[in-house]
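# Report on the structure
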Amino acid sequence: MLLNKKDTIFKDSLLVNKKDSISKDSLKKKEVIEDIITHIATDYTIQNAKNKTVILYNEANITYTDIDLKSGIIVIDYKKNSLFAKGIIDSTGYKQRPVFKQGNQESEQDSIIYNFKSKRAIIYGLKTQQGEMYTYGEKTKRENDSTVYIRKIRFTTSDKEIPDYYIATNKAKLVPGKKIIVGASNLVLADVPTPLFLPFAYFPMTETSMSGFLIPAFDTGSSARGIGFQNGGYYFAISDYMDLTVLGDAYSNGSWGARISSNYNKRYKFNGVFSLNFENIVNGIRGFDNFSKSNNFNIRWNHNQDSKASPNSRFSASVNLGSSRFFRESLNQFNVALTQNNTFNSSINYSKTFVGTPFNMAVTASHQQNTNTQSITMTLPSLTLNMDRIYPFAGKDGVQKNPIQKMGFNYNMQGQYLINTNDAEFFTSKMFETARAGIQHKTSTNTNIKAFKYFTLSPSANYEEVWQFDYIQKDYDATRNVVVTDTLRGFKSFREYNIGVSLATNIYGNFSFKKGRLKAIRHTLRPSISYSYRPDFRDNYIQKVQQSVNPLDFQEYTVFDQGIYGTPSSGLSNSIGISLNNVLEAKLAPKDADSEKEDEKIMLLNNLNFSSSYNIAADSLRWSNVSFSAGTRLFKDKLALNLSGSLDPYQVNETGQRINKFNPSIFRLTNANMTMNYSISSTDFEKNKKKGETESKSGNGANNPTDTMGADIDPTNRFGRQNKTNEKKEPVETELYKAKIPWTLSLVYAANYTNNGVEPGVIGVHTVGFSGNIELTPKWKIGYSSGYDIKNGAFSFSRFNFSRDLDSWQFNFNWVPFGANSSYTFFIGVKSSMLADLKWDKNKPPDRRLF
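### Considering the overall build of the chain
Looking only at helices and strands, one finds five helices and 53 strands in the chain. In the chain, which comprises 851 residues, the proportion classed as buried is 34%. Total accessible area computed for the chain in this model is approximately 50400 Å², and 56% of it derives from carbon and sulfur atoms.

What follows is the structure in structure tokens.
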């Protein structure tokens, strides 16, 4: 610090007399400097008391109220109530540029002049960030805390030192945290001006959601519907917890569409999304034979309740319903994966557990829709009441030692209101005319007894009661010579029961080996034999109706034949069941004999099951088919193999009906199914990789195959990005001439075989599917999925997608080369949501002709 003696006593308060002090204090104005200015510097600080200046050099920093300024050089002038800051020039260039921070606003510049009194500033070489937007300006004038005027300005969302692109303009007005308004502007790519100009532009900068118009996209993708606009509308920022988007499409041939979507989220309570889509599709020219018109709609709703909101009750919804051909005929919602799905499923659930009791309840409204047959099944609603197993005879503190104490009881009640309808009658009064309702009660009890030391004997008893609130009645119409079936409303019920007992045990076989890594193989057999008895309950409810002109020709039926829960069981059942389950495991020693690692256990055969039954009460065909299934996983769980089928011990006649004669070869294979799934990736061939690295990088284990539909790119997404791209990722550094090209491959094989015993066996399905990804570079990715029908000799649905990460931009190309859904979508645009409309997309949708 350099001070001379004269400067140290300049205007010292101690030299002012009392009278002057009192008069001045009572009349003086409010100080401009409202708080203490704290300053530090690495090299030196020069304070000039005469001129009232302070000079800070090298890594200078001052703090004043909510202002924090860091710079190479800072000069504070107390007379002018101002400060000046700039960087330092040395052999490495211009460094330690001023960084000015006030509140939550921060900017970097070449130099800055700031006035404490007026709170105005002049800035040269500005660089500041507002949300995702970076702003560069040659000269900036700051009027107050909320308004900034900038000349020679550049806007971009690229965070590079040399931006990938920017919007250049001569003048702009910036209100920090609120908006940017610019005059005539030009898009510049890689420092090359483009012929794209805007007369003016407005960029919202608020951190919270803001209502505003959504600019539509011009569409010429289909000559059938003419030119038009897509995805134009308005966004409503209703509150911090909910928003609403209203979008529309319009085409020159009269086709139009409207969409409403809303997102809502209440932290620690619930979240969800709702969308309603409606489209009026016109094909051809009015007055001509090829003119057609259709109205399609789709409703989707997903609701999730936070587990913390209510631990004893839960409400959730997953709704997807609408016109069966919505996605196949849609003007806008082009999603290839959904066009391949022939079912819509919906479910709305409420469940509650009654604390302190064994009871729990669930209310469900469900919907299943087949888009091929246009049939719809709904339950509005289904009520389920369960009682967990209780042990009323257990000893003190729940001790269960003897069979009586182990005897448990449970109860289940289910009620349904079932509707079967179709697309034409959906949401009309007709859909309720054939609705059916009923309630089913079930209770059971069982216990277990240790028998002969190694066996477990388990007796059981089951009781069922069905209540129906509608029933059928059949009458003979002599005029038309037909049986007429009427559905009547009223209460009907039936009851049935069965009893049984089973005997099971486990048998272990161990095979030890003294040489090699294979130390032992263990074979586990779980044989079981059971007996069950059920009387013939149908006979008590049989009614007869004349079915022809012959008065002695009767048809038998029960009033429950069209009931929700079926009819009373027919025929006496007095059967013995036999089953056998096999599991095969191996134990391997470590590769290093001196290693202290434990032996490795390997599953050779997950299961090999056989089951059949013998009905003692039947007069013929007492043996049922022998069902078998097998499954295993090989090559470190990369290959999953499953096989199942059925073996018939009896012969068949010329018409394919079973007769009471055994096959000469004991069993005849009636059907068999085999599936194989295999996943492999480039990381499987890397040496010294960590355990589990393959699965974590490729994401493809046998249980997690690659998406067979490829990446899901939705052109209605205004950001044009693939799913999950909103997640923050670390920057990717590109290595030129990289020798390694990561890739993944998933293979699926399926085949089935049927044999009716009359004609030679037939292979019904014989297909192989493959899908995967290739990462040509860290930023170039290719995804593919296809399949081949070996039986018919043709490729199945195929899809390819190409994506390029252009840093601040994104490129996507989706292509279906052939088939009924032959199409493509092309997109290139800015990643940032702030400039989501700075894009170019093009798509060729599939043929939308109505069938």
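### A few points about the nonpolar core
Ranked by internal contacts, the top residues of the largest apolar core, which has 36 residues, are I62, I74, I76, F155 and F203. Looking at this core element by element, the count peaks at five residues for strand 3 (residues 53-64).

### A closer look at the packing of aromatic side chains
Taken as a whole and assessed by the stated rule, the structure comprises 27 aromatic pairs. Ring centres of F494 and Y541 lie 6.3 Å apart, and the angle between their planes is 70 degrees; this geometry places the pair in the edge-to-face category. Taken as a pair, F494 in strand 34 (residues 482-504) and Y541 in the loop between strand 36 (518-534) and strand 37 (543-546) lie far apart in primary sequence, 47 residues in all. Consider the rings of Y497 and F537, whose centres lie 5.3 Å apart with planes at 75 degrees: the pair is edge-to-face.

### Some thoughts on the side chain of R142
The residue R142 is located in strand 12 (residues 133-142) in this model. Among the residues examined, R142 registers a relative accessible area of 14% and is labelled buried. Among the polar contacts listed, one links the side chain of R142 to the side chain of Q102, at a separation of 2.6 Å. Here R142 is in contact with F100, Q102, K119, R120, A121, T147 and V148, once residues within four sequence places are set aside.

### Examining the confidence of the model for the chain
Mean pLDDT for the chain: 82, with 86% of residues reaching 70 or above. The low-confidence segment residues 1-29, where pLDDT is below 50, has ten contacts with residues more than four positions distant or belonging to other chains.

### What about a nonpolar patch on the surface?
A surface patch of nonpolar side chains, amounting to about 660 Å² of accessible area, comprises F236, I238, Y241, M242, V246, I260, F274 and L276. Locating F274 in the fold gives a position in strand 24 (residues 270-283).

### A short note on unusual backbone geometry
The omega torsion across L380 and P381 is -5 degrees, close enough to zero to call that bond cis. Its identity is not glycine, yet N58 carries a phi of approximately 70 degrees, on the positive side. Mapping N58 onto the fold places it in strand 3.

### Quick word on the pattern of salt bridges
Under the defined criterion, the tally for this structure stands at 21 salt bridges. For D599, the salt bridge identified is with K519, shortest N-O distance 2.9 Å. On the criterion of sequence distance, the pair formed by D599 in the loop between strand 39 (573-588) and strand 40 (600-615) and K519 in strand 36 is long-range, its members being 80 residues apart. Residue K519 is classed as partly exposed on the basis of its relative accessible area, which comes to 34%.

### Here's the deal with the environment of S646
In this fold, S646 is placed in strand 42 (residues 639-648). Exposure remark for S646: the relative accessible area of 9% places this residue in the buried category. Note: C-alpha distance between S646 and L669 (23 residues apart in sequence) is 6.2 Å. The residues touching S646, leaving out its near neighbours within four places in the chain, are N625, V626, F628, R668, L669, T670 and N671. Within the local environment of S646, its side chain forms a polar contact with the side chain of N625, the two groups lying 3.4 Å apart.

### Overview of the pairing of strand 30 (residues 408-422)
Judged from the twelve bridges that link them, strand 29 (residues 375-390) and strand 30 form a sheet pairing that is antiparallel. In the strand pairing of strand 30, S382 is matched with Q416. In this sheet, strand 31 (residues 436-446) lies alongside strand 30 in antiparallel orientation, the contact comprising eleven bridges. Across the sheet, residue Q416 finds its bridge partner in strand 31, namely G438.

### A word on the environment of S158
Residue position: S158 is located in the loop between strand 13 (148-156) and strand 14 (165-175). It is 8.0 Å that separates the C-alpha atoms of S158 and M133, two residues lying 25 residues apart in sequence. Among all residues touching S158, those that are not within four sequence positions of it are Y134, P163, D164, Y165 and S808. Within polar-contact distance, the side chain of S158 engages the backbone nitrogen of K160 at 3.5 Å. Polar side-chain contacts of S158 include one of 3.3 Å to the backbone nitrogen of D164.

Rules and cut-offs
Residues numbered from 1 in each chain as written. Predicted model: local features only at pLDDT ≥ 70, side-chain atom pairs only at ≥ 80, totals over all residues. Heavy atoms only, no water. Helix = DSSP H or I, 4+ residues; strand = E, 2+ residues; numbered from the N terminus. Buried < 20%, exposed > 50% of the residue type's maximum accessible area, 1.4 Å probe, protein only. Areas by Shrake-Rupley, 256 points an atom, 1.4 Å probe, with all protein chains shown as cover. Core = buried A, V, L, I, M, F, W, Y, C linked by side-chain atoms within 4.5 Å. Phe/Tyr/Trp six-rings, centres within 6.5 Å; stacked < 30°, edge-to-face > 60°. Polar contact = N/O pair within 3.5 Å; in protein donor to acceptor, adjacent residues only side chain to side chain. Contact = heavy atoms within 4.5 Å. pLDDT = per-residue confidence, 0-100. Patch = residues over 30% accessible without salt bridge, like charges linked within 9 Å, V, L, I, M, F, W, Y side chains within 5 Å. Salt bridge = Lys/Arg side-chain N within 4 Å of Asp/Glu carboxyl O. Pairing = 2+ DSSP bridges.

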